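Examining the three-dimensional arrangement
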Amino acid sequence: MTLQWTAVALFLYIEIGILLLLCLPFISAQRWQMIFNLNIWNRVAWVWKRGFLAMIIILIVLFLDAVREVRKYSGAQINKESKMYPNMIDHVHMKLFRSQRNLYISGFALLLWLVMQRVIQLINQLAAAVNTNSALHVQIEDANKAAKRYMEETEQLEQALKDCTDESKAEGNERLRNEVSQLKQELKTSAEALNKSKSEADAIKKQTEALAKDYDHLLQNQMKLQACTEIEDKKDI
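No experiment lies behind these values; they were computed from the predicted model shown.

A cluster of nonpolar side chains, contributed by L10, Y13, I14, I16, I18 and L20, occupies part of the molecular surface with about 580 Å² of accessible area. You can see L10 is positioned in helix α1 (residues 3-22).

Nonpolar side chains tend to gather and get buried jointly when the protein is soluble and globular. Core analysis: the largest hydrophobic core is formed by 30 residues, its most contacted members being V8, L22, L59, W113 and I123. Looking at this core, the elements that each hand over two or more residues are α1, α2 (29-36), α4 (45-72) and α6 (88-236). Considering each element in turn, this core owes the most residues, 13 residues, to α6. Not counting residues within four places of it along the chain, the set of residues in contact with V8 comprises L59, L62, I105, S106 and A109.

In the numbering adopted here, UniProt assigns the feature "transmembrane region" (unreviewed entry) to residues 7-27, 47-67 and 103-120. Secondary structure over residues 7-27 splits into 76% helix and 0% strand, and the C-alpha atoms at its two ends are 29 Å apart. Spanning residues 47-67, this segment combines 100% helix with 0% strand, and its end C-alpha atoms are found 30 Å apart.

The next thing to look at is the packing of aromatic side chains. Centre distance and the angle of the planes are the two values used to describe a pair of aromatic rings. By the definition in use, this model includes two aromatic pairs. In textbook terms, an aromatic cluster arises when at least three aromatic residues are bridged by ring pairs, as seen for F11, F52 and W113.

Across all of its chains, the model carries two salt bridges by this definition. Residue D65 pairs with R68 through a salt bridge whose shortest N-O separation is 2.8 Å. Of the two residues, D65 and R68 are both situated in helix α4; the distance of three residues between them amounts to about one turn of the helix. The exposure class of R68 is partly exposed, given its relative accessible area of 44%. Between R68 and E69 there is a salt bridge, with its nearest N and O atoms 2.8 Å apart.

If you trace the backbone, H93 turns up in helix α6. When the C-alpha atoms of H93 and Y73 are compared, they prove to be 7.7 Å apart, with 20 residues separating the residues in sequence.

A cluster of acidic side chains, namely E152, E153, E155 and E158, defines a negative patch on the protein surface. Here E153 shows up in helix α6.

What counts, and at which threshold
- Residues numbered from 1 in each chain as written.
- Predicted model: local features only at pLDDT ≥ 70, side-chain atom pairs only at ≥ 80, totals over all residues.
- Heavy atoms only, no water.
- Patch = residues over 30% accessible without salt bridge, like charges linked within 9 Å, V, L, I, M, F, W, Y side chains within 5 Å.
- Areas by Shrake-Rupley, 256 points an atom, 1.4 Å probe, with all protein chains shown as cover.
- Salt bridge = Lys/Arg side-chain N within 4 Å of Asp/Glu carboxyl O.
- Helix = DSSP H or I, 4+ residues; strand = E, 2+ residues; numbered from the N terminus.
- Core = buried A, V, L, I, M, F, W, Y, C linked by side-chain atoms within 4.5 Å.
- Buried < 20%, exposed > 50% of the residue type's maximum accessible area, 1.4 Å probe, protein only.
- Contact = heavy atoms within 4.5 Å.
- UniProt positions renumbered as here; feature names shortened; annotations may be inferred.
- Phe/Tyr/Trp six-rings, centres within 6.5 Å; stacked < 30°, edge-to-face > 60°.
- Lys, Arg positive; Asp, Glu negative; His and termini not counted.
- Charge placed at Lys NZ, Arg CZ, Asp CG, Glu CD.

Following this line, the structure appears as structure tokens:
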């Protein structure tokens, strides 16, 4: 294996190891996001972008070269030249095997390079979604607690309003009862005063009638005295 294909194979093994490490279940997406957000990655971000594109171009070139080699040592060329050189078929098979091996190595390396980039993006998105979900869960719990607290306060206010209404009704009824009792007392007093006034009026009326009779009696006596006086005066003349 030449140096370039040895480097591609080593790169493929590194990709496999990194992908297996990223797929470990006991390392959460938030932990990977913390690792990806380290300052060192921010410093080499421009190198990473350029290196990523350069590696894609290199792997594509090697893949196309491997495809060319596979087509070069295809079965049709082997059948034509095998009659002239009997030992050539083994050499061609060896070249074909190496070309196919290089094709698989470059193809899988290119595929895993793109897959690794996509896996990293998905891990970041998953971590962001988990953080958002956690924040939303906290907000929902706070909203539920606030709603429960508001419901309890509303129930307390309704109960207090009901108690105040009952107390107001009780106070109003008590005040009305006191007013009714006071009015009854005043009515009783007025009735007694009226009866007393009526009795006094009856007594005054009786006294007036008695005085009128006495006055008539006195008037009659006065008239009789005047009559007697006139008679005596006439006798004296």
